Amino acid sequence: MSPLLDVRELSVRFRLGRGRPEVHAVTDVSFALAPGELLALVGESGCGKSVLASALLGLLPGNAILRGEAVLATPDQEPVELVSAPESVLSQRVRGRLVGLVPQSAAAHLTPVRTAGAQLVEAVRVLRPEEPDPHWIAEGLAERVGLDPVFLKRYPHELSGGTAQRVAVALALAGDPPVVLADEPTAGLDRPLVERTVDLLAGLAEEGRAVLLITHDLSAASRVATDLAVMYASRLVERGPAAELFETPWHPYTEGLLGALPGGGFRAIPGHPPELTALPAGCAFRPRCPVADDCGGSPELVRHGDRYLACGPPC
Ligand SMILES: Nc1ncnc2c1ncn2[C@@H]1O[C@H](COP(=O)(O)OP(=O)(O)OP(=O)(O)O)[C@@H](O)[C@H]1O
Ligand code: NI
């Protein structure tokens with residue numbers, strides 16, 4: 001199936017000012033998202049996951065420099081290339097309508113002075129002006145995300161973290177977008193709520209949407225992801241069908257991440273990721289890699305069947 005979103009060699013640098021090195025936050029990232037796919041993007045804190053999502057929606061600050069392409073299919077018009085799209089196109093056509101975003105730390109993005117319900121109704125009014133009854137749509141969205149209607153009457157500071165997260169998911173769906181980007185939508189939730197939230201995202205994919213789930217929670221990812229992308233120090237180091245990567249990770253970093261799970265014996269990877277202002281030329285994982293001596297150390301993703309790997313050939 002042709003992708004809804006096709007990201008090609010996307011890079012993001014942040015300028016820090018005269019005489020200071022640039023931050024290499026995202027480097028040559030490529031992936032495609034087709035209808036029905038739920039791609040989980042995982043990797044240690046600070047590797048560039050949120051910057052990648054923000055870059056797709058034109059939400060980065062002015063010191064960001066973008067390169068590459070991200071082509072978004074639209075139902076009835078020409079595709080939109082997101083990196084070069086003017087702010088007017090991003091705000092009027094893309095954000096909320098073609099691409100819904102559940103932002104990281106979602107509770108902080110709610111307007112403090114309006115009730116959850118009022119914000120949801122307003123979002124529906126703006127994003128679906130053709131709907132005669134935005135209240136009815138808002139109630140349907142609340143039900144969909146498992147939000148008790150009593151919470152719609154409350155202000156954000158009266159909501160628990162888990163409830164605010166669900167309001168944020170409902171807001172991301174207000175415009176009925178075909179692509180959903182969810183940045184840590186389960187952070188701070190307890191297990192049943194984590195499962196409920198990711199199952200909801202899986203349901204969105206099953207309806208034919210394309211979903212990008214950014215998460216630290218590998219067990220939640222393994223529960224719902226159709227595809228997995230592993231990011232290290234601004235680059236994807238491995239991606240492919242989720243079940244295969246979980247079953248037989250090829251990249252030593254993927255193996256390390258899975259080893260840190262309960263089933264893998266909680267073996268954390270020793271050491272730290274490199275500074276994004278001083279990335280080495282070759283493989284950035286090399287200093288932490290247990291098998292570095294055997295590899296070519298290439299940072300390029302190379303295709304092997306339906307999997308992609310930035311490392312030596314799979315063994
Ligand atoms: N406006 C900015 N200016 C300079 N550097 C930035 C800016 N925004 C983000 N960064 C840097 O970009 C890198 C990637 O940040 P990002 O928020 O994408 O990480 P992440 O993978 O989402 O981490 P986490 O899992 O903790 O959310 C970090 O080193 C961060 O400090
Ligand atoms: Ni993040």
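As the structure is a computational prediction, the values presented were derived from the model and not from experiment.

Undergrad: Please set out the site of ligand 1 residue by residue, giving values where relevant.
TA: Inspection of the region around ligand 1 gives 14 residues, with Phe14, Ser45, Lys49, Ser50 and Val51 positioned closest. Sorting the residues of the shell around ligand 1 by element identifies strand 2 (23–33) and helix 1 (49–56) as the ones contributing at least two each. Here the element with the most residues in the shell around ligand 1 is helix 1; it accounts for three residues. Classifying every residue of the shell around ligand 1 by side-chain character gives seven nonpolar, six polar and one charged.

Undergrad: Residues and numbers for the pairing of strand 9 (residues 227–232), please.
TA: When you tally the buried positions in strand 9, you get six out of six residues, the bulk of the element. Burial along strand 9 is two-sided: the face carrying Asp227, Ala229 and Met231 and the face carrying Leu228, Val230 and Tyr232 are both buried. In terms of strand pairing, strand 3 (residues 38–42) meets strand 9 through four bridges, oriented parallel. For Ala40, the partnering residue across the bridge sits in strand 9 and is Leu228. Of the pairings in the sheet, the one linking strand 9 to strand 10 (residues 235–241) comprises six bridges and is antiparallel in character. Looking at the pairing, Val230 lines up with Glu238 of strand 10.

Undergrad: Before we move on, can you summarise the pairing of strand 1 (residues 5–14) with the specific residues and values?
TA: Bridge analysis of strand 1 against strand 2 gives seven bridges, and the strand direction is antiparallel. By the bridge assignment, Val7 is partnered in strand 2 with Phe31. Here strand 1 pairs with strand 4 (residues 64–72) via eight bridges, running antiparallel. Within the sheet, the bridge partner assigned to Val7 lies in strand 4 and is Ala70.

Thresholds, definitions, all that
Residues numbered from 1 in each chain as written. Chains lettered and ligands numbered in written order. Predicted model: local features only at pLDDT ≥ 70, side-chain atom pairs only at ≥ 80, totals over all residues. Near = placed C-beta within 6 Å. Helix = DSSP H or I, 4+ residues; strand = E, 2+ residues; numbered from the N terminus. Nonpolar A, V, L, I, M, F, W, Y, C, P; charged D, E, K, R; others polar. Buried ≥ 20, exposed ≤ 12 C-beta atoms within 10 Å, placed from the backbone. Pairing = 2+ DSSP bridges.

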